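# Commentary on secondary and tertiary structure
Chain residues, written in single-letter form:
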Amino acid sequence: MKDIVLTGDRPTGKLHLGHLVGSISQRVELQNSNKYEQIYIEIADAQATTDNSGNIQKVKENVIEVALDYLSCGIDPKKCTLFLQSEVPELSDLTFYYMNLVTLARLERNPTVKQEIKLREFNNRIPVGFLTYPISQAADITAFNANIVPVGEDQLPMIEQTREIVRTFNRLYGETLVEPEAVLPKNKSCLRLPGTDGQAKMSKSLGNCIYLSDSAAEVKRKVMSMYTDPNHLKVEDPGNTKDNPVFIYLDAFSKDEHFQKYFKNEQTGEIEYNNLDELKAHYERGGLGDMKVKKFLNYVLEELLQPIRKRRRELEKNIPKVYQILFDGSNKARAVAEETLKNVKKAIGLDYREDKGLINKQVEMYRLKHEQETKEAN
Ligand code: TRP
């Protein structure tokens, strides 16, 4: 059997460079490998409501942003099924039955959920829907028989919980669900891109993101004001490249061709730095200024972002078409989820319409009962 891939994002904002290295570019690679039976990409709007119940409008308005970002990065709706979670109500039915297989204590132990609860300052007012979203995520994955789930590190506890639900279900009700596996991005330095301010993570709330839809001027402004090594005050000072976001971004995005192109001396034709190692070595021994490195990073990012920006502009001119892609994908996804729900209900025994034996047995039971009553009455 060929592999089935499912992954997704909550639509709470536009996508940024962290998403691109962490997940989107990997999805495009998977898609273009043509090795997979199916690739599902879910815009998890229902999951996003679990901590945005007072602001559904934000979730709703960001669906198009995420879809535009996906498509402009090269996600091809002919090769991937792009769908909206809320358009597949079967997922809620599945969640309902899976809820019986998970204890409250297990939910409260999920480290990612725990961290999110702290971050959102729910204190003792945790919405039940939020605490249980890992169960609904298990429904997202199992509904499509996905065995491969490409995600970031923070999502590993969700996949682990899904695996537990699958094993419990199959043990109780017979082999029905497929046990998925998480696949992390290959390049370890790409697992998590720091913010432009040097904080551990790009995050909308911290305002330290470079968005895929930022204009060239915005990208340049953000790059030029990026946090670097705070001890690298003068050009001659030795610098640190390890915790320096400018160099971490270069690790993630620069290729040797960029060095040949942007560090070539116009007159002599000589190449000043052949690769990132040479650039880092100079920075570390001192004598290389931040501005020069940042200018280079800006060129590298522009090469990456320009085509994405251009495709996005084209797509922005046909918003109804983008919605149509989501609706078509949702219809396709729904048909598959319907089938899984049918199998799940049959496995647990809630299959009244199919269970002819049940009806015949009960017909017979009542026939006998009435026969007995008639006999006794006479
Ligand atoms: N929880 C994921 C996130 O916050 C989004 C998501 C929802 C997801 N359903 C999924 C990811 C299923 C992978 C598989 O980014």
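Just so it is clear, the model here is predicted, and its values are computed rather than measured. (Residues numbered from 1 in each chain as written. Predicted model: local features only at pLDDT ≥ 70, side-chain atom pairs only at ≥ 80, totals over all residues. Heavy atoms only, no water.)

If you look at the biggest cluster of nonpolar residues, it comprises 57 residues, and the most contacted ones within it are Leu17, Tyr70, Ile210, Leu250, Phe253, Leu279 and Leu301. Built from parts of two domains, this core gets at least three residues from each of domain 1 (3-193 + 318-348) and domain 2 (216-314). In this structure Phe253 touches Leu17, Val21, Leu193, His258, Val300, Leu301 and Leu304, once residues within four positions along its chain are discounted. Membership of the second largest hydrophobic core comes to 37 residues, among which are Tyr98, Val151, Met158 and Ala337. (Core = buried A, V, L, I, M, F, W, Y, C linked by side-chain atoms within 4.5 Å. Buried < 20%, exposed > 50% of the residue type's maximum accessible area, 1.4 Å probe, protein only. Domains from an automatic or database assignment. Contact = heavy atoms within 4.5 Å.)

Among the 13 residues in the neighbourhood of the ligand, the closest are listed as Glu42, Gln47, Gln137, Asp140 and Gln155. Separating a nitrogen atom of the ligand from a side-chain N or O atom of Asp140 is a distance of 2.8 Å. Residue Gln155 places a side-chain N or O atom 2.9 Å away from a nitrogen atom belonging to the ligand. Look at the ligand: alone it shows 370 Å² of surface, and the protein chains cover 91% of it. Structurally, the ligand is housed in the largest pocket. Elements with a contribution of two residues or more to the shell around the ligand: strand 1 (4-9) and helix 8 (133-142). Residue composition of the shell around the ligand, grouped by class: five nonpolar, five polar and three charged. (Near = heavy atom within 4 Å. Polar contact = N/O pair within 3.5 Å; in protein donor to acceptor, adjacent residues only side chain to side chain. Areas by Shrake-Rupley, 256 points an atom, 1.4 Å probe, with all protein chains shown as cover. 1 Å grid on protein atoms, 1.4 Å probe; cavity = no way out; pocket = protein on both sides within 12 Å on 5 of 7 lines; lining within 4 Å. Sits in = over half its atoms within 2 Å of the grid points. Helix = DSSP H or I, 4+ residues; strand = E, 2+ residues; numbered from the N terminus. Nonpolar A, V, L, I, M, F, W, Y, C, P; charged D, E, K, R; others polar.)

In this section: the environment of Asp251. If you trace the backbone, Asp251 turns up in helix 11 (residues 245-253). Asp251 gets classed as partly exposed once you look at its relative accessible area, which sits at 32%. Asp251 sits 143 residues away from Glu108 along the chain, and the two C-alpha atoms are 37 Å apart. For Asp251, the side chain forms a polar contact with the side chain of Lys280, separated by 3.1 Å.

Turning to helix 15 (residues 319-348), a few remarks are in order. With 30 residues, helix 15 should cover 44 Å at 1.5 Å per step; its first-to-last C-alpha distance of 42 Å lies within 8% of that length. Turning to helix 15, its buried residues are Val322, Ile325, Leu326, Gly329, Ser330, Ala333, Ala337, Thr340, Leu341 and Val344. Taken from the residues just after helix 15, Gly349 is the one with a positive phi, measuring 105°. (Expected span 1.5 Å × (residues − 1).)

Let us now look at the layout of surface pockets. One number sums up the size of the largest pocket: a volume of about 1600 Å³. Lining the largest pocket are 50 residues, with His19, Glu116, Asp154, Gln155 and Lys201 positioned closest to its centre. Going through the elements one at a time, strand 1, helix 1 (17-33), helix 6 (111-119), helix 8 and strand 4 (148-150) are the ones with two or more residues in the lining of the largest pocket. For the lining of the largest pocket, the class distribution of residues is 17 nonpolar, 18 polar and 15 charged. Size it by volume and the second largest pocket reaches roughly 530 Å³. Of all the secondary structure elements, the ones that give two or more residues to the lining of the second largest pocket are helix 1, helix 11 and helix 14 (290-316). Looking at the lining of the second largest pocket residue by residue, the classes come out as 11 nonpolar, four polar and six charged. (Points joined across faces, edges and corners; volume = space filled by probe spheres on them.)

Scanning the model with the defined rule gives 16 aromatic pairs in all. Taken together, the aromatic side chains of Phe259, Tyr262, Phe263, Tyr273, Phe296 and Tyr299 make up a single cluster linked through ring pairs. Across the ring face of Tyr133, the terminal group of Arg10 is positioned such that the distance to the ring centre comes to 4.6 Å. (Phe/Tyr/Trp six-rings, centres within 6.5 Å; stacked < 30°, edge-to-face > 60°. Lys NZ or Arg CZ within 6 Å of the ring centre and 35° of its normal.)

With respect to the element layout, His232 can be found in the loop between helix 10 (216-224) and helix 11. His232 sits in the buried class, given a relative accessible area of 6%. Of note is the side chain of His232, whose polar atom sits 3.5 Å from the side chain of Asp290. When sequence neighbours within four positions are dropped, the list of residues in contact with His232 reads Asp237, Pro238, Gly239, Tyr283, Leu288, Gly289 and Asp290.

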